[in-house]
Amino acid sequence: MFDFNIVTTWFDQLLRVTLGLNDLWAILIECVLVGALILTGYALIAIALIFMERKVCAYFQCRLGPVRVGPWGLLQVFADVLKMLIKEIFFVDRADKFLYIVAPFLVLIGSVGAFAFLPWNNGAVILDFNVGVFLLTAISSIGVVGIFLAGWGSNNKYSVVSAMRAAVQMISYEMSLCLCLITAVILVGSMQVSQIVDYQTGAWNWLIIKGHVPAIIAFIVFIIAGNAEANRGPFDMAEAESELTAGHHTEYSGMGFGFFYLAEFLNMFIIAGIATMVFLGGWAPVNIGIEGFDNVMNYIPGVVWFMGKAFAVVWLMMWIKWTFPRLRIDQILKLEWKYLMPLALINLVLMTVVVAMKWYL
């Protein structure tokens, strides 16, 4: 499989040796380029997800979805982006202007920061620390603060109620998410993103297969909790349109609203990407131990494998949203504290026993 370190090493040598730049300028140019690539990928995936959401929703509701703007409705998202960019940005009377302005940026920073941890290909892990899983969960938590500040700073009763619901829901379901990640870390023995994926290379080595029962339980709990963490249906009571209008971003217009909208879709992709990284092998191809088949699979680039798996999980999350009815807030919290978290704790102990006794495949 192609190692992206070849490209990064060549570019670094180009700056330092061929162009003769010192360390400061070389690192600065590399950081700016990587940042631009992250933001570009963030925007492009958001556009794809918005279009996919509309088409999947239409499919489940026996409709066509967007069809008028561009062939097959492909330009509808771009039209919506243009409309959002030219919308007037206004400020709410008696709102806390500082919190009102800062909140969308905090939500976006948390989303982009978590997005940067995703392992796209061998040698293309942008943030690859030895405590990567820990940092990933910490950075993603910034979005909770942004959502709460948006509701509080708007000075709108609907926004405040929505922010309170969203904060308690996201903080609660982070417990199950972290327990599922710890379950995987116990099996792998490392919190570094690249090592988690490398551990899953080879025939039948994905964690969901290698860890068998505990890994399967952790994956199911992770998907359920991930839906709630991303405020996706049926856990979208914080944005219940029938009673709270638009929720915590009711008072936002233009790109202020656009930041929340982007972060919501990308958070779904981030959850899918983490599930792919931890349980489905990340960029690792499907290997079944047959040499000819495995060699063909290894020719497919790792980024294709990662994107394919991630979008498959995204489709599963959309299927869940458009199939189940919205839960009440008490039902959402009951599901977490009475069922998912105890199950995740018991599963964590089970995985510890499995690893200690070497019962994994």
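Use the structure listed above.
Right, let's walk through the structure included here. Just so it is clear, the structure is predicted and the values come from calculations on it, not from any experiment. Within every chain, residues take consecutive numbers counted from 1 along the sequence as written. Local features in this predicted model are restricted to residues whose pLDDT is 70 or higher, and side-chain atom pairs enter the listing and the counts only when it is 80 or higher, whereas totals over whole chains, interfaces and linings include all residues. The basis for the side-chain values is all heavy atoms of the structure; hydrogens and waters are excluded.

### Some remarks on the overall build of the protein chain
Helix and strand assignments come from DSSP, with helices taken as H or I runs of at least 4 residues and strands as E runs of at least 2, each series counted from the N terminus. A count of helical and extended segments in the protein chain gives 15 helices and 0 strands. As defined in this context, the radius of gyration uses C-alpha atoms, and a globule is described by 2.2 Å times the residue total to the power 0.38. Its C-alpha atoms give the protein chain a radius of gyration of 21 Å, near enough to 21 Å, the size a compact globule of 361 residues would have. Each residue's exposure class comes from its accessible area (1.4 Å probe, protein chains only) as a fraction of the maximum for that residue type: buried when under 20%, exposed when over 50%, partly exposed otherwise. Put simply, the protein chain has 361 residues, and 48% of those count as buried. Note on contacts: a residue pair qualifies if any of its non-hydrogen atoms lie within 4.5 Å across the two residues. Considering only residue pairs separated by 6 or more positions, the protein chain has 76% of its internal contacts joining residues 24 or more positions apart. Accessible surface area values rest on a Shrake-Rupley calculation with a 1.4 Å probe, where residue burial reflects the displayed protein chains alone. Of the roughly 17600 Å² that the protein chain leaves accessible, carbon and sulfur atoms contribute 73%. The charged-residue count follows a simple rule in which Lys and Arg add positive charge and Asp and Glu add negative charge, with His and chain termini not counted at all. Where a charge lies is defined by one atom per residue type, namely NZ (Lys), CZ (Arg), CG (Asp) and CD (Glu). Between the mean site of the 20 positive side-chain charges and the mean site of the 23 negative ones, the protein chain shows a separation of 10 Å.

### A short note on a nonpolar patch on the surface
On the surface, Leu 24, Trp 25, Leu 28, Ile 29 and Val 32 cluster together into a nonpolar patch covering about 510 Å² of accessible area. One can find Val 32 in helix α2 (residues 23-60). Think of a patch as exposed residues, more than 30% relative accessible area, with no salt bridge, where like charges cluster within 9 Å and nonpolar side chains (Val, Leu, Ile, Met, Phe, Trp, Tyr) cluster within 5 Å. When a carboxyl oxygen of Asp or Glu lies within 4 Å of a side-chain nitrogen of Lys or Arg, that pair is called a salt bridge.

### Overview of helix α4 (residues 97-115)
Helix span is expected to be 1.5 Å times the residue number reduced by one. Given a rise of 1.5 Å per residue, 19 residues ought to cover 27 Å, and the 28 Å separating the end C-alpha atoms of α4 matches this to within 8%. We define the bend at each residue as the angle formed by axes fitted to the 7 residues ending at it and the 7 residues starting at it. Ala 103 marks where α4 bends most, by close to 30°; the proline Pro 104 follows one to four residues later.

### Looking at the side chain of Asn 227
As for its position among the elements, Asn 227 is in helix α10 (residues 212-229). Residue class for Asn 227 comes out buried when judged on its relative accessible area of 1%. Sequence-distant contacts of Asn 227, defined by excluding residues within four places in its chain, comprise Arg 232, Gly 233, Phe 235, Met 317 and Ile 320.

### Observations regarding the side chain of Asp 12
Checked against the element boundaries, Asp 12 lands in helix α1 (residues 5-18). Residue Asp 12 is classed as buried on the basis of its relative accessible area, which comes to 18%. A 3.5 Å cut-off defines polar contacts: any pair of N or O atoms within that distance qualifies, except that in protein one atom must be a possible hydrogen donor and the other a possible acceptor, and neighbouring residues in sequence count only when both atoms are side-chain atoms. A polar contact is formed between the side chain of Asp 12 and the side chain of Arg 16, at a distance of 2.7 Å.

### Here we look at the packing of aromatic side chains
Aromatic contacts are taken between Phe, Tyr and Trp rings whose centres are within 6.5 Å, Trp giving its six-membered ring; a plane angle under 30 degrees counts as stacked, one over 60 as edge-to-face, and the others as tilted. By the definition in use, this model includes 20 aromatic pairs. Considering the side-chain rings of Tyr 59 and Phe 60, the 5.7 Å spacing of their centres and the 80° angle between planes classify their relative orientation as edge-to-face. Between Phe 117 and Phe 129, the aromatic rings sit 6.5 Å apart at their centres with planes inclined by 55°, giving tilted as the arrangement. Of this pair, Phe 117 sits in the loop between α4 and α5 (132-140) while Phe 129 sits in the loop between α4 and α5; the two residues are 12 residues apart in sequence, bridging distant segments of the chain. What links up through ring pairs into an aromatic cluster is the set Tyr 42, Phe 115, Trp 120, Phe 269, Phe 306 and Phe 311.

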